[in-house]
Amino acid sequence: MPLNASLTFVGAAQQVTGSCYLIKFQNKQILLDCGMVQGADQIREWHKFHFAFRPKDIDLVILSHAHIDHSGLLPLLVARGFDGKILCTPGTAELLPVLLKDSVHLYLKDLEWQNKKAARAGKKLQDPVLSVADAERVVQLCDTLAYKKRLTPLPGLELEFADAGHILGSAIVQLWLKADKAMRKLVFSGDLGNPATVLMHDPTDIGQADIVLMESTYGNRNHQNIDNSLDELAQALEQANKDGGNVFIPAFALGRSQEILYYLALLHHQGRLKQRMVFLDSPMAISITNIYNDYLHNLDQKDLAAIGFKKGMQLQDLLPMLRLTESVEESMAINRVSGGAIIIAGSGMCNGGRIVHHMKHNLWKSSNHLIFVGFQAYGTLGRRLVDGERRVKLFGQEIMVKAKVHTIGGFSAHAGQSELLDWAQAIGGQPQFYLVHGEPEAQAVLQQELAQLGIAAKIPAKGDVIEL
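Cut-offs and rules
Residues numbered from 1 in each chain as written. Predicted model: local features only at pLDDT ≥ 70, side-chain atom pairs only at ≥ 80, totals over all residues. Heavy atoms only, no water. Helix = DSSP H or I, 4+ residues; strand = E, 2+ residues; numbered from the N terminus. Rg over C-alpha atoms; globule rule 2.2 N^0.38 Å. Buried < 20%, exposed > 50% of the residue type's maximum accessible area, 1.4 Å probe, protein only. Contact = heavy atoms within 4.5 Å. Areas by Shrake-Rupley, 256 points an atom, 1.4 Å probe, with all protein chains shown as cover. Lys, Arg positive; Asp, Glu negative; His and termini not counted. Charge placed at Lys NZ, Arg CZ, Asp CG, Glu CD. Pairing = 2+ DSSP bridges.

(A) Inspection of the overall build of the chain at higher detail. The helix and strand tally for the chain stands at 14 helices and 22 strands. A compact globule built from 468 residues would reach a C-alpha radius of gyration of about 23 Å, and the chain, at 22 Å, matches this within 12%. Here the C-alpha coordinates of the chain stretch approximately 70 × 60 × 45 Å along the principal axes. Put simply, the chain has 468 residues, and 57% of those count as buried. Across the chain, contacts joining residues at least 24 apart in sequence account for 75% of those joining residues at least 6 apart. For the chain, the exposed surface amounts to about 19,500 Å²; the carbon and sulfur share of it is 48%. Within the chain, one finds 46 positive and 48 negative side-chain charges whose respective centroids are separated by 6 Å.

(B) Here's a closer look at the environment of Ser287. Looking at the element boundaries, Ser287 is found in helix α8 (residues 283-294). Through-space distance from the C-alpha of Ser287 to that of Thr152 is 33 Å; in sequence the pair is 135 residues apart.

(C) Representation of the pairing of strand β17 (residues 391-394) in the model. Side chains of β17 alternate between two faces, with Val392 and Leu394 buried and Arg391 and Lys393 left unburied. Two strands pair when backbone bridges link them, and β17 and strand β18 (residues 397-400) are joined in this way by four bridges, in the antiparallel orientation. By the bridge assignment, Lys393 is partnered in β18 with Glu398.

Such coordinate-based values are descriptive only and should not be taken to indicate function.
Here's what the structure looks like:
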C-alpha cells in the first residue's frame, strides 16, 4: 500500500554542504537538517535566501548534528515563522548554542561593516533579517533523544538516533513511516565518521532500510593510513621548526580542533613535538573543547589512554604548552611571535575567522607552514590554496603565497570510500540508495563502486522529489 509520502532534496544534492531534506507525510512537513552552504557570503545568503517551503508550515525538524552546514539556517527558519520542535541528541543540543550564536554574531558584525561602507557611498542600508534572539529561540525549541531510544514525535512516525561517529552528538537518523498496513524505513546517514577518527566511536551499522540517504563526500577516494598521516604532520612540524617559522592550521571549531589538540598531545607524549607554543586561537573552539571535556567519559577510552589521560583530566591538561587565546588582543599578539608556534584557528575552509587575519600577516613568509587537515569545499579560499594558487586577495590586499602548504587527508572525520561501501553493504533489505553530500565527481565514482556490489544508487539533483 502507498504511504502517500514524499521527500524533496532541498540541499546538499550534488554538493557537500547545505544539508536539508523535506518530508511530507500525513499532512505534516518534516525537515531533516537545515544547513548553510559552506563558503557562501553569509549576508547575501541570508538577505536573498528563499526557503523552498514556508517555514511556518514545518511541523518538526530532525537534526543529524551541530555542524553549521547541517544546522546553520535554523535561526533564519525561526525568524521566518517556524515554531515547532527540533529533535537532536543531547550532545548536539549542548553544541548548538555556541555555534549558532557565533554564526549570528558574525553575520551582524559583517552587516554593520557593510552598512558603514554603504553609508559612506550614499547607498541604502540593509536591515538585519535575524537576531541573536532567533538563535536563542532555536535552542529553546530543542528536545533531546539519546542514541538507541525510540520516539514517536508525530502520529505514524517513529524516530531513533544511532551514533554516526563523526563529531560529538552526531547521529544517523532512522525513521519509520507508517500508514494503515504500509511501512517504510528511511535512513539518513548524516555525516558518517571515519573509524580512524580519534575520540569518536565507529559509525553504527544499520540492520535494515527501504530508503537510504548516504553522504558521499569522499566517495571517490580513501584516506591514507592514520599512522602515515600522523607521521606527515610530525614531519611538517619538524620542517617548520628547522625553518624557524610558525605553523598555521585552519580547523573547524567543532570536532577538528579537538582532534588536532589530541594529535599534538600524542606527539608531545611521544617526545616528537618540538614547538614551544601551541595556540588555540578561537573562542568558539575553546568553548566547544570545554563541552568535549564534559563528555570525555562517553568518548573512546583507548584513544584517551594513548595520550596519558587519567580520570579528572581535561584535554588541555595533556598539552602543557597550550595557550587559549579568547580575546582579539591576544589573537593579534600571536602575529608578533616570530617562530616556534603552532596556531589552530577557524574557519576550517578559510572563508572567514581569525585564520584569514593570520594569513594576511604570514602567508608571504617562506619560513611559515600552512597545514590543511580537512576537506576544502569548491569556491573557498582553502580550496584555492590547496589547488596551488600563488596570489590571494585578503582584506583588499594582494598577498603572495610563499608559505609551504601541506594537505594531510588522513585526519578527515568523514568516512572514506571503503568505509562508505562497508557501511552500505551492512544494510539489509535491498534499500534504494540516494547519494547526497558530495561533489558530482565523487558521487559518480561511488555510484559505480556500489553498482559493482549490486547496490543501486541514484544521484538526485536539488529540487528532485521522490515518493516514499
